[in-house]
Amino acid sequence: MTNSAPLQQTHYDVLVIGVGSMGAATCYYLAKQGVKVLGIEQFDIPHEQGSHAGQSRIIRKAYFEHPDYVPLLERAYQNWQELEARTGHHVYFKTGLLYLGLHESDLIKGVRESALKYQIEIRELSDWQLSAAYPQFRVPENYTTLLEPDAGFISPEKAILLYVEQAIHYGAAIRTKEKISGWEQTRTGVTVSTDKGQYTADKIILTAGAWAGKLLPGLASRFTVTRQTLAWMIPSEWKPYEYGHFPCWVIADAAKPSIYYGFPALPVGAFGGPIGLKIGHHAHGNPTDPDAVNRKIMPEEESNLIEALNQFIPGAYASTYTMKTCLYTNTPDENFILDFLPGTDNRVILAAGFSGHGFKFASVVGEIMADLALKGKTELPIGFLGMERF
Ligand SMILES: Cc1cc2nc3c(=O)[nH]c(=O)nc-3n(C[C@H](O)[C@H](O)[C@H](O)COP(=O)(O)OP(=O)(O)OC[C@H]3O[C@@H](n4cnc5c(N)ncnc54)[C@H](O)[C@@H]3O)c2cc1C
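Cut-off values and rules
- Residues numbered from 1 in each chain as written.
- Predicted model: local features only at pLDDT ≥ 70, side-chain atom pairs only at ≥ 80, totals over all residues.
- Heavy atoms only, no water.
- Helix = DSSP H or I, 4+ residues; strand = E, 2+ residues; numbered from the N terminus.
- Buried < 20%, exposed > 50% of the residue type's maximum accessible area, 1.4 Å probe, protein only.
- Pairing = 2+ DSSP bridges.
- Axes fitted to C-alpha atoms, helices over the stretch in contact; angles between N-to-C directions.
- Salt bridge = Lys/Arg side-chain N within 4 Å of Asp/Glu carboxyl O.
- Near = heavy atom within 4 Å.
- Polar contact = N/O pair within 3.5 Å; in protein donor to acceptor, adjacent residues only side chain to side chain.
- Areas by Shrake-Rupley, 256 points an atom, 1.4 Å probe, with all protein chains shown as cover.
- Nonpolar A, V, L, I, M, F, W, Y, C, P; charged D, E, K, R; others polar.
- Contact = heavy atoms within 4.5 Å.
- Phe/Tyr/Trp six-rings, centres within 6.5 Å; stacked < 30°, edge-to-face > 60°.
- Lys NZ or Arg CZ within 6 Å of the ring centre and 35° of its normal.

Trainee: I tried to follow the environment of Val70 on my own but got confused; where do I start?
Mentor: Its location among the elements puts Val70 in helix H2 (residues 70-87). When its relative accessible area of 0% is taken as the criterion, Val70 is described as buried.

This is the structure:
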(Lines give C-alpha, C1' and ligand atoms only; values in the text may rest on other atoms or scores of the structure.)
Protein backbone atom coordinates (compact mmCIF):
# COMPACT_ATOMS: atom_id res chain seq x y z
CA MET A 1 0.00 0.00 0.00
CA THR A 2 1.19 3.52 -0.70
CA ASN A 3 -0.87 5.51 1.80
CA SER A 4 2.20 7.04 3.39
CA ALA A 5 3.54 8.29 0.05
CA PRO A 6 3.81 12.09 -0.18
CA LEU A 7 0.82 13.80 -1.74
CA GLN A 8 1.58 15.09 -5.17
CA GLN A 9 -0.10 15.18 -8.51
CA THR A 10 0.86 11.94 -10.18
CA HIS A 11 -0.03 10.61 -13.57
CA TYR A 12 -1.30 7.08 -14.23
CA ASP A 13 -2.30 5.24 -17.36
CA VAL A 14 -5.55 4.13 -15.73
CA LEU A 15 -7.12 5.12 -12.41
CA VAL A 16 -9.72 2.78 -10.88
CA ILE A 17 -12.33 4.47 -8.68
CA GLY A 18 -13.43 2.05 -5.93
CA VAL A 19 -11.52 -1.13 -5.06
CA GLY A 20 -14.36 -3.46 -4.12
CA SER A 21 -15.59 -6.47 -6.10
CA MET A 22 -15.18 -5.15 -9.64
CA GLY A 23 -12.40 -2.66 -8.90
CA ALA A 24 -10.10 -5.26 -7.34
CA ALA A 25 -10.33 -7.57 -10.36
CA THR A 26 -9.96 -4.58 -12.70
CA CYS A 27 -6.73 -3.45 -10.99
CA TYR A 28 -5.39 -7.00 -11.37
CA TYR A 29 -6.19 -7.32 -15.10
CA LEU A 30 -4.71 -3.90 -15.82
CA ALA A 31 -1.54 -4.32 -13.76
CA LYS A 32 -0.94 -7.78 -15.24
CA GLN A 33 -0.65 -6.15 -18.64
CA GLY A 34 2.07 -3.79 -17.47
CA VAL A 35 0.13 -0.53 -17.38
CA LYS A 36 0.62 2.03 -14.63
CA VAL A 37 -2.56 1.68 -12.58
CA LEU A 38 -3.80 3.34 -9.40
CA GLY A 39 -6.78 1.99 -7.46
CA ILE A 40 -8.36 4.27 -4.85
CA GLU A 41 -10.69 2.95 -2.15
CA GLN A 42 -12.52 5.12 0.40
CA PHE A 43 -12.53 2.41 3.11
CA ASP A 44 -10.33 -0.59 3.93
CA ILE A 45 -10.16 -3.50 1.50
CA PRO A 46 -12.45 -5.38 1.97
CA HIS A 47 -15.08 -3.66 4.13
CA GLU A 48 -18.72 -3.96 5.22
CA GLN A 49 -20.16 -0.63 4.00
CA GLY A 50 -20.77 -1.59 0.36
CA SER A 51 -21.99 -4.66 -1.52
CA HIS A 52 -19.37 -7.37 -1.11
CA ALA A 53 -19.29 -8.34 2.56
CA GLY A 54 -20.77 -11.49 4.06
CA GLN A 55 -18.60 -14.57 3.54
CA SER A 56 -20.24 -16.07 0.43
CA ARG A 57 -21.78 -15.25 -2.97
CA ILE A 58 -23.64 -17.80 -5.09
CA ILE A 59 -22.20 -18.63 -8.50
CA ARG A 60 -24.32 -20.50 -11.06
CA LYS A 61 -24.50 -20.85 -14.81
CA ALA A 62 -28.11 -21.67 -15.75
CA TYR A 63 -28.86 -17.97 -15.46
CA PHE A 64 -32.58 -17.40 -15.00
CA GLU A 65 -32.20 -13.61 -15.26
CA HIS A 66 -31.13 -13.68 -18.94
CA PRO A 67 -29.43 -16.36 -21.10
CA ASP A 68 -27.07 -13.72 -22.56
CA TYR A 69 -25.16 -13.78 -19.29
CA VAL A 70 -24.12 -17.42 -19.79
CA PRO A 71 -21.09 -16.84 -22.09
CA LEU A 72 -19.84 -14.27 -19.56
CA LEU A 73 -20.33 -16.82 -16.80
CA GLU A 74 -18.33 -19.45 -18.72
CA ARG A 75 -15.47 -16.96 -18.79
CA ALA A 76 -16.02 -15.95 -15.14
CA TYR A 77 -15.65 -19.59 -14.04
CA GLN A 78 -12.40 -19.89 -16.06
CA ASN A 79 -11.07 -16.65 -14.59
CA TRP A 80 -11.84 -17.71 -11.01
CA GLN A 81 -9.90 -20.91 -11.73
CA GLU A 82 -7.02 -18.84 -13.08
CA LEU A 83 -6.93 -16.81 -9.85
CA GLU A 84 -6.90 -20.03 -7.83
CA ALA A 85 -4.11 -21.54 -9.93
CA ARG A 86 -2.03 -18.37 -9.70
CA THR A 87 -2.37 -17.97 -5.94
CA GLY A 88 -2.78 -21.57 -4.76
CA HIS A 89 -5.91 -20.58 -2.81
CA HIS A 90 -9.51 -21.65 -3.31
CA VAL A 91 -12.15 -18.99 -3.87
CA TYR A 92 -14.78 -21.17 -5.62
CA PHE A 93 -16.53 -23.88 -3.61
CA LYS A 94 -18.77 -26.35 -5.40
CA THR A 95 -21.85 -27.32 -3.40
CA GLY A 96 -24.51 -27.86 -6.05
CA LEU A 97 -27.48 -25.51 -6.16
CA LEU A 98 -31.17 -26.40 -5.76
CA TYR A 99 -33.77 -24.28 -7.56
CA LEU A 100 -37.29 -24.67 -6.22
CA GLY A 101 -40.43 -23.01 -7.52
CA LEU A 102 -43.60 -23.41 -9.51
CA HIS A 103 -43.13 -24.90 -12.96
CA GLU A 104 -44.29 -21.61 -14.51
CA SER A 105 -42.24 -19.32 -12.24
CA ASP A 106 -39.67 -17.01 -13.86
CA LEU A 107 -37.01 -18.83 -11.85
CA ILE A 108 -37.72 -22.34 -13.12
CA LYS A 109 -38.54 -21.23 -16.68
CA GLY A 110 -35.40 -19.08 -16.83
CA VAL A 111 -33.09 -21.80 -15.51
CA ARG A 112 -34.45 -24.30 -18.05
CA GLU A 113 -34.12 -21.80 -20.91
CA SER A 114 -30.48 -20.97 -20.20
CA ALA A 115 -29.58 -24.61 -19.52
CA LEU A 116 -31.18 -25.73 -22.80
CA LYS A 117 -29.62 -22.97 -24.87
CA TYR A 118 -26.09 -23.51 -23.54
CA GLN A 119 -26.15 -27.23 -22.62
CA ILE A 120 -25.65 -26.62 -18.92
CA GLU A 121 -26.15 -29.73 -16.81
CA ILE A 122 -29.26 -29.49 -14.66
CA ARG A 123 -31.24 -32.39 -13.18
CA GLU A 124 -34.91 -32.39 -12.32
CA LEU A 125 -35.52 -34.12 -8.98
CA SER A 126 -38.82 -35.78 -8.18
CA ASP A 127 -40.25 -35.23 -4.68
CA TRP A 128 -38.92 -38.65 -3.76
CA GLN A 129 -35.43 -37.89 -5.13
CA LEU A 130 -35.37 -34.55 -3.32
CA SER A 131 -36.25 -36.12 0.01
CA ALA A 132 -33.71 -38.92 -0.53
CA ALA A 133 -30.86 -36.55 -1.48
CA TYR A 134 -31.78 -33.51 0.64
CA PRO A 135 -34.27 -34.46 3.35
CA GLN A 136 -33.72 -31.03 4.94
CA PHE A 137 -36.09 -29.43 2.38
CA ARG A 138 -39.90 -29.45 2.55
CA VAL A 139 -41.52 -27.87 -0.48
CA PRO A 140 -45.13 -27.82 -1.66
CA GLU A 141 -46.05 -30.78 -3.88
CA ASN A 142 -46.65 -28.65 -6.97
CA TYR A 143 -43.11 -27.16 -6.88
CA THR A 144 -40.47 -28.18 -9.41
CA THR A 145 -36.97 -28.95 -8.14
CA LEU A 146 -33.91 -28.53 -10.34
CA LEU A 147 -30.31 -29.23 -9.32
CA GLU A 148 -27.33 -27.52 -10.95
CA PRO A 149 -24.45 -29.74 -9.79
CA ASP A 150 -21.60 -27.41 -10.87
CA ALA A 151 -22.87 -24.38 -8.99
CA GLY A 152 -21.62 -23.22 -5.59
CA PHE A 153 -20.27 -20.09 -4.00
CA ILE A 154 -17.31 -17.71 -4.08
CA SER A 155 -15.64 -16.27 -0.97
CA PRO A 156 -15.92 -12.56 -1.77
CA GLU A 157 -13.57 -10.99 0.79
CA LYS A 158 -10.84 -13.52 0.02
CA ALA A 159 -11.25 -13.12 -3.75
CA ILE A 160 -10.98 -9.31 -3.47
CA LEU A 161 -7.87 -9.54 -1.29
CA LEU A 162 -6.22 -12.03 -3.64
CA TYR A 163 -6.88 -9.80 -6.67
CA VAL A 164 -5.51 -6.74 -4.87
CA GLU A 165 -2.44 -8.63 -3.66
CA GLN A 166 -1.73 -9.90 -7.18
CA ALA A 167 -2.29 -6.43 -8.64
CA ILE A 168 0.28 -5.00 -6.20
CA HIS A 169 2.73 -7.77 -7.15
CA TYR A 170 2.35 -6.61 -10.76
CA GLY A 171 3.11 -3.03 -9.77
CA ALA A 172 -0.33 -1.48 -9.14
CA ALA A 173 -0.54 1.35 -6.61
CA ILE A 174 -3.46 0.94 -4.22
CA ARG A 175 -4.54 3.69 -1.85
CA THR A 176 -7.06 2.91 0.91
CA LYS A 177 -9.07 5.27 3.15
CA GLU A 178 -8.99 7.95 0.48
CA LYS A 179 -12.29 9.26 -0.85
CA ILE A 180 -12.68 10.53 -4.38
CA SER A 181 -14.70 13.73 -4.43
CA GLY A 182 -14.93 14.19 -8.19
CA TRP A 183 -13.35 13.87 -11.60
CA GLU A 184 -13.05 16.15 -14.57
CA GLN A 185 -12.17 15.46 -18.16
CA THR A 186 -9.38 17.62 -19.55
CA ARG A 187 -7.94 18.01 -23.03
CA THR A 188 -5.38 15.27 -22.43
CA GLY A 189 -7.02 12.96 -19.92
CA VAL A 190 -8.93 12.98 -16.65
CA THR A 191 -8.17 14.73 -13.34
CA VAL A 192 -9.38 13.01 -10.19
CA SER A 193 -9.68 14.85 -6.87
CA THR A 194 -9.71 13.13 -3.50
CA ASP A 195 -9.73 14.22 0.14
CA LYS A 196 -5.93 13.80 0.08
CA GLY A 197 -4.82 15.11 -3.30
CA GLN A 198 -5.19 15.13 -7.05
CA TYR A 199 -4.19 12.67 -9.75
CA THR A 200 -4.29 12.63 -13.51
CA ALA A 201 -4.84 9.62 -15.72
CA ASP A 202 -5.27 8.84 -19.39
CA LYS A 203 -8.44 6.95 -18.49
CA ILE A 204 -10.55 6.23 -15.46
CA ILE A 205 -12.72 3.23 -14.66
CA LEU A 206 -15.63 3.75 -12.31
CA THR A 207 -16.27 0.68 -10.16
CA ALA A 208 -17.82 2.59 -7.29
CA GLY A 209 -20.75 0.26 -6.53
CA ALA A 210 -23.49 1.99 -4.55
CA TRP A 211 -21.67 5.34 -4.89
CA ALA A 212 -21.72 5.33 -8.73
CA GLY A 213 -24.63 7.79 -8.85
CA LYS A 214 -22.75 10.24 -6.62
CA LEU A 215 -19.79 10.32 -9.01
CA LEU A 216 -22.04 10.48 -12.09
CA PRO A 217 -24.76 12.96 -11.13
CA GLY A 218 -26.17 12.94 -14.68
CA LEU A 219 -26.83 9.21 -14.37
CA ALA A 220 -27.91 9.06 -10.74
CA SER A 221 -31.54 8.39 -11.71
CA ARG A 222 -30.44 5.10 -13.37
CA PHE A 223 -29.26 3.72 -10.03
CA THR A 224 -31.51 2.94 -7.09
CA VAL A 225 -29.50 1.92 -4.06
CA THR A 226 -31.44 -0.34 -1.70
CA ARG A 227 -30.74 -1.57 1.80
CA GLN A 228 -30.76 -5.37 2.02
CA THR A 229 -30.54 -7.63 5.05
CA LEU A 230 -29.14 -11.09 5.51
CA ALA A 231 -28.95 -13.46 8.46
CA TRP A 232 -26.82 -16.27 9.86
CA MET A 233 -28.89 -18.89 11.64
CA ILE A 234 -27.90 -21.64 14.05
CA PRO A 235 -29.68 -24.88 13.04
CA SER A 236 -31.31 -27.30 15.46
CA GLU A 237 -28.80 -29.97 14.44
CA TRP A 238 -25.48 -29.00 12.88
CA LYS A 239 -24.42 -31.86 10.58
CA PRO A 240 -27.26 -31.85 7.98
CA TYR A 241 -26.69 -28.15 7.25
CA GLU A 242 -22.91 -28.12 7.11
CA TYR A 243 -20.77 -27.45 4.05
CA GLY A 244 -20.28 -30.85 2.41
CA HIS A 245 -23.79 -32.06 3.34
CA PHE A 246 -26.02 -29.18 2.32
CA PRO A 247 -26.25 -27.30 -1.01
CA CYS A 248 -26.76 -23.67 -1.90
CA TRP A 249 -30.43 -23.07 -2.69
CA VAL A 250 -32.79 -20.60 -4.35
CA ILE A 251 -36.56 -20.72 -3.77
CA ALA A 252 -39.19 -18.73 -5.67
CA ASP A 253 -41.89 -18.48 -3.03
CA ALA A 254 -45.19 -18.68 -4.92
CA ALA A 255 -46.89 -16.64 -2.21
CA LYS A 256 -44.49 -13.69 -2.65
CA PRO A 257 -43.12 -12.28 -5.90
CA SER A 258 -39.51 -12.74 -4.81
CA ILE A 259 -36.76 -15.21 -4.07
CA TYR A 260 -35.17 -16.58 -0.91
CA TYR A 261 -31.67 -18.01 -1.13
CA GLY A 262 -29.13 -19.57 1.17
CA PHE A 263 -25.89 -21.38 1.81
CA PRO A 264 -24.58 -24.24 3.94
CA ALA A 265 -23.11 -23.45 7.36
CA LEU A 266 -19.44 -22.77 6.67
CA PRO A 267 -16.71 -23.83 9.12
CA VAL A 268 -15.21 -20.65 10.55
CA GLY A 269 -11.73 -22.19 10.62
CA ALA A 270 -11.71 -22.11 6.82
CA PHE A 271 -14.12 -19.26 6.06
CA GLY A 272 -14.08 -16.91 9.04
CA GLY A 273 -17.29 -15.68 10.66
CA PRO A 274 -20.16 -15.26 11.07
CA ILE A 275 -21.19 -18.69 12.38
CA GLY A 276 -24.23 -20.47 10.97
CA LEU A 277 -26.09 -20.90 7.73
CA LYS A 278 -26.70 -17.75 5.76
CA ILE A 279 -30.08 -16.80 4.29
CA GLY A 280 -31.18 -13.77 2.29
CA HIS A 281 -34.27 -12.41 0.54
CA HIS A 282 -33.69 -11.24 -3.04
CA ALA A 283 -36.35 -8.51 -3.12
CA HIS A 284 -35.66 -4.80 -3.21
CA GLY A 285 -35.29 -3.29 0.22
CA ASN A 286 -35.87 0.37 0.99
CA PRO A 287 -33.99 2.94 -1.10
CA THR A 288 -31.10 4.49 0.83
CA ASP A 289 -28.21 6.92 0.59
CA PRO A 290 -25.04 4.76 0.73
CA ASP A 291 -23.48 7.31 3.10
CA ALA A 292 -26.39 7.16 5.55
CA VAL A 293 -27.51 3.54 5.75
CA ASN A 294 -29.66 2.51 8.69
CA ARG A 295 -27.73 -0.55 9.94
CA LYS A 296 -30.25 -1.37 12.66
CA ILE A 297 -32.20 -4.55 11.96
CA MET A 298 -35.98 -4.40 12.30
CA PRO A 299 -37.79 -7.33 13.99
CA GLU A 300 -39.90 -7.92 10.84
CA GLU A 301 -36.73 -8.34 8.76
CA GLU A 302 -35.63 -11.17 11.04
CA SER A 303 -39.08 -12.80 11.21
CA ASN A 304 -39.39 -12.74 7.40
CA LEU A 305 -36.27 -14.91 7.10
CA ILE A 306 -37.20 -17.19 9.99
CA GLU A 307 -40.64 -17.81 8.45
CA ALA A 308 -39.06 -18.72 5.09
CA LEU A 309 -36.74 -21.22 6.77
CA ASN A 310 -39.50 -22.72 8.87
CA GLN A 311 -41.66 -23.12 5.77
CA PHE A 312 -39.10 -24.59 3.35
CA ILE A 313 -36.23 -25.94 5.48
CA PRO A 314 -37.70 -26.82 8.89
CA GLY A 315 -34.86 -27.68 11.25
CA ALA A 316 -32.54 -25.07 9.78
CA TYR A 317 -33.62 -22.52 12.36
CA ALA A 318 -33.07 -22.81 16.09
CA SER A 319 -31.77 -19.31 16.78
CA THR A 320 -30.42 -16.22 15.04
CA TYR A 321 -26.66 -15.78 15.30
CA THR A 322 -26.43 -12.36 13.64
CA MET A 323 -27.90 -10.16 10.91
CA LYS A 324 -26.20 -7.58 8.70
CA THR A 325 -27.08 -5.00 6.08
CA CYS A 326 -25.67 -4.81 2.55
CA LEU A 327 -26.39 -2.63 -0.51
CA TYR A 328 -27.85 -3.39 -3.94
CA THR A 329 -27.36 -0.86 -6.78
CA ASN A 330 -30.32 -1.50 -9.07
CA THR A 331 -30.69 -0.41 -12.69
CA PRO A 332 -34.21 -0.06 -14.13
CA ASP A 333 -33.99 -3.49 -15.85
CA GLU A 334 -31.72 -5.07 -13.20
CA ASN A 335 -29.02 -5.74 -15.78
CA PHE A 336 -25.50 -4.38 -15.37
CA ILE A 337 -23.91 -1.43 -17.16
CA LEU A 338 -20.52 -2.21 -18.73
CA ASP A 339 -19.70 0.56 -21.17
CA PHE A 340 -17.87 3.77 -22.02
CA LEU A 341 -19.49 6.87 -20.62
CA PRO A 342 -20.93 8.81 -23.56
CA GLY A 343 -19.26 12.12 -24.39
CA THR A 344 -15.92 11.28 -22.76
CA ASP A 345 -13.94 10.23 -25.83
CA ASN A 346 -13.79 6.70 -24.34
CA ARG A 347 -11.70 7.99 -21.43
CA VAL A 348 -14.29 7.12 -18.79
CA ILE A 349 -15.47 3.52 -18.45
CA LEU A 350 -18.24 2.31 -16.22
CA ALA A 351 -18.95 -1.02 -14.47
CA ALA A 352 -22.01 -0.42 -12.31
CA GLY A 353 -25.58 -1.31 -11.47
CA PHE A 354 -24.97 -4.93 -10.49
CA SER A 355 -28.49 -5.14 -9.07
CA GLY A 356 -27.81 -7.76 -6.41
CA HIS A 357 -26.38 -10.45 -8.69
CA GLY A 358 -22.96 -9.21 -9.77
CA PHE A 359 -20.27 -10.75 -7.61
CA LYS A 360 -19.94 -14.02 -9.51
CA PHE A 361 -19.00 -11.94 -12.58
CA ALA A 362 -16.21 -9.91 -10.91
CA SER A 363 -13.50 -12.09 -12.46
CA VAL A 364 -14.78 -11.47 -16.00
CA VAL A 365 -15.75 -7.83 -15.40
CA GLY A 366 -12.10 -7.12 -14.47
CA GLU A 367 -10.97 -8.58 -17.78
CA ILE A 368 -13.62 -6.63 -19.71
CA MET A 369 -12.72 -3.32 -18.05
CA ALA A 370 -9.03 -3.86 -18.89
CA ASP A 371 -9.98 -4.71 -22.50
CA LEU A 372 -12.06 -1.54 -22.86
CA ALA A 373 -9.35 0.65 -21.32
CA LEU A 374 -6.40 -0.83 -23.20
CA LYS A 375 -7.87 -2.02 -26.53
CA GLY A 376 -10.97 0.16 -26.77
CA LYS A 377 -13.13 -2.98 -27.22
CA THR A 378 -13.65 -6.50 -25.93
CA GLU A 379 -14.32 -9.82 -27.62
CA LEU A 380 -16.60 -10.80 -24.75
CA PRO A 381 -20.33 -10.39 -25.57
CA ILE A 382 -21.42 -7.35 -23.55
CA GLY A 383 -23.65 -5.67 -26.14
CA PHE A 384 -26.76 -6.23 -24.03
CA LEU A 385 -25.17 -4.35 -21.11
CA GLY A 386 -24.60 -1.04 -22.94
CA MET A 387 -25.69 2.43 -21.86
CA GLU A 388 -27.86 3.06 -24.90
CA ARG A 389 -30.68 0.87 -23.57
CA PHE A 390 -31.67 3.60 -21.08
C1 LIG B 1 -27.05 -9.19 0.56
C2 LIG B 1 -26.40 -9.38 -0.78
C3 LIG B 1 -26.32 -10.65 -1.32
C4 LIG B 1 -25.75 -10.85 -2.58
N5 LIG B 1 -25.65 -12.12 -3.07
C6 LIG B 1 -25.03 -12.33 -4.25
C7 LIG B 1 -24.82 -13.66 -4.72
O8 LIG B 1 -25.18 -14.65 -4.06
N9 LIG B 1 -24.19 -13.81 -5.91
C10 LIG B 1 -23.74 -12.76 -6.64
O11 LIG B 1 -23.17 -12.97 -7.72
N12 LIG B 1 -23.91 -11.48 -6.21
C13 LIG B 1 -24.54 -11.26 -5.04
N14 LIG B 1 -24.70 -9.98 -4.57
C15 LIG B 1 -24.31 -8.85 -5.40
C16 LIG B 1 -22.85 -8.54 -5.40
O17 LIG B 1 -22.27 -8.69 -4.12
C18 LIG B 1 -22.66 -7.13 -5.95
O19 LIG B 1 -23.29 -7.07 -7.22
C20 LIG B 1 -21.20 -6.76 -6.10
O21 LIG B 1 -20.51 -6.91 -4.87
C22 LIG B 1 -21.10 -5.31 -6.58
O23 LIG B 1 -19.75 -5.00 -6.76
P24 LIG B 1 -19.27 -3.49 -6.91
O25 LIG B 1 -17.80 -3.55 -7.21
O26 LIG B 1 -20.17 -2.77 -7.84
O27 LIG B 1 -19.51 -2.85 -5.45
P28 LIG B 1 -18.55 -2.92 -4.16
O29 LIG B 1 -17.99 -4.28 -3.99
O30 LIG B 1 -19.33 -2.35 -3.02
O31 LIG B 1 -17.34 -1.97 -4.54
C32 LIG B 1 -17.48 -0.58 -4.79
C33 LIG B 1 -16.32 0.08 -4.07
O34 LIG B 1 -16.17 1.42 -4.48
C35 LIG B 1 -15.77 2.17 -3.35
N36 LIG B 1 -16.06 3.59 -3.59
C37 LIG B 1 -17.26 4.10 -3.92
N38 LIG B 1 -17.18 5.44 -4.03
C39 LIG B 1 -15.91 5.79 -3.76
C40 LIG B 1 -15.22 7.04 -3.71
N41 LIG B 1 -15.86 8.19 -3.93
N42 LIG B 1 -13.91 7.03 -3.41
C43 LIG B 1 -13.25 5.86 -3.19
N44 LIG B 1 -13.87 4.64 -3.20
C45 LIG B 1 -15.17 4.61 -3.48
C46 LIG B 1 -16.63 1.57 -2.24
O47 LIG B 1 -16.16 1.90 -0.96
C48 LIG B 1 -16.54 0.09 -2.57
O49 LIG B 1 -15.46 -0.55 -1.93
C50 LIG B 1 -25.25 -9.75 -3.30
C51 LIG B 1 -25.30 -8.46 -2.76
C52 LIG B 1 -25.87 -8.27 -1.50
C53 LIG B 1 -25.91 -6.89 -0.93
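Trainee: What's the story with the sheet that holds strand S4 (residues 92-94) in this structure? I'm lost.
Mentor: Through backbone hydrogen bonds, the strands of a sheet pair up, either in parallel or in antiparallel fashion. Read from one edge to the other, the open sheet built from three strands follows the order S3-S8-S4, with strand pairing classed as antiparallel. One side of each edge strand has no neighbouring strand; the edge strands of this open sheet are strand S3 (57-59) and S4. Strand-to-strand, the axes of this sheet are offset by a mean angle of 35 degrees, without reference to chain direction. In this structure, S3 lies alongside strand S8 (residues 152-154), joined through three bridges in antiparallel fashion. Its bridge partner lying in S8, Ile58 is registered against Phe153.

Trainee: Can you walk me through the pattern of salt bridges in this structure?
Mentor: When the charged atoms of two side chains with opposite charge come close together, those side chains can pair. The final tally for this structure, using the stated rule, is 18 salt bridges. Linking Glu48 and Lys324 is a salt bridge whose minimum nitrogen-to-oxygen distance equals 3.2 Å. Taken as a pair, Glu48 in the loop between strand S2 (37-40) and S3 and Lys324 in strand S17 (residues 319-330) lie far apart in primary sequence, 276 residues in all. Judged by its relative accessible area of 25%, Lys324 is partly exposed. The salt bridge involving Arg175 is made with Glu178; its shortest N-O contact spans 2.5 Å. Its relative accessible area of 5% is what places Arg175 among the buried residues. It is possible to trace a salt-bridge network through shared partners that takes in Lys179, Lys214, Asp289 and Asp291.

Trainee: What should I look at first to understand the site of the ligand in this one?
Mentor: Looking at the ligand, there are 33 residues lining it, with Ser21, Glu41, His47, His52 and Cys326 nearest. In this structure, an oxygen atom belonging to the ligand sits 2.7 Å away from a side-chain N or O atom of His52. Here Gly356 contributes a backbone N or O atom positioned 3.4 Å from a nitrogen atom of the ligand. Protein contacts shield 97% of the accessible area of the ligand, which totals 1,000 Å² for the unbound molecule. Contributing elements (two or more residues each) for the shell around the ligand: helix H1 (21-31), S3 and S17. No other element matches S17, which puts three residues into the shell around the ligand. Looking at side-chain class alone, the shell around the ligand contains 15 nonpolar, 13 polar and five charged residues.

Trainee: Mind showing me how you'd approach the pairing of strand S14 (residues 248-253) here?
Mentor: Within a regular beta strand, the side chains point alternately toward one face of the sheet and then the other, so they alternate between its two faces. Most of S14 sits inside the fold, with six of its six residues counted as buried. Judged by which residues are buried, S14 turns out to be covered on both faces: Cys248, Val250 and Ala252 on one side and Trp249, Ile251 and Asp253 on the other are all buried. Judged from the four bridges that link them, strand S5 (residues 97-102) and S14 form a sheet pairing that is parallel. Pairing of Tyr99 across the sheet is with Val250, part of S14. Pairing of S14 with strand S15 (residues 258-262) involves five bridges; the strand directions are antiparallel. Note that in S15 the partner of Ile251 across the bridge is Tyr260. What sits between S14 and S15 in their antiparallel hairpin is a turn of four residues.

Trainee: Even after reading the chapter, I still don't get the sheet that holds strand S16 (residues 277-282), so can you show me in this structure?
Mentor: Read across the sheet, eight strands follow the order S6-S7-S5-S14-S15-S16-S13-S17 without closing on themselves; strand pairing throughout is mixed. Edge positions in the sheet fall to strand S6 (123-125) and S17, since each of these pairs with one other strand and no more. Pairwise comparison of adjacent strand axes, ignoring direction, gives a mean angle of 20 degrees for this sheet. Examined bridge by bridge, strand S13 (residues 224-234) and S17 share eleven bridges and lie antiparallel to one another. Looking at the pairing, Trp232 lines up with Thr322 of S17. Helix-sheet contacts for helix H3 (residues 106-118) involve S5, S6, strand S7 (143-148), S14 and S15, and the interaxial angle to S5 is about 125 degrees.

Trainee: What should I look at first to understand the packing of aromatic side chains in this one?
Mentor: Aromatic rings in a pair are described by how distant their centres are and how their planes are angled relative to each other. A full pass over the atoms with the stated rule returns 29 aromatic pairs. On the numbers, 5.6 Å between centres and 55 degrees between planes, the contact of Phe153 with Phe271 is tilted. Of this pair, Phe153 sits in strand S8 while Phe271 sits in helix H7 (residues 268-271), and the two are 118 residues apart along the sequence. Note on accessibility: Phe153 and Phe271 belong to one class, buried. Here the aromatic residues Tyr28, Tyr29, Trp80, Tyr163, Tyr170 and Phe359 are joined through ring pairs into a cluster of three or more. In this structure, Lys61 is placed above the aromatic ring of Tyr77, and the distance from its NZ or CZ to the ring centre is 4.6 Å.

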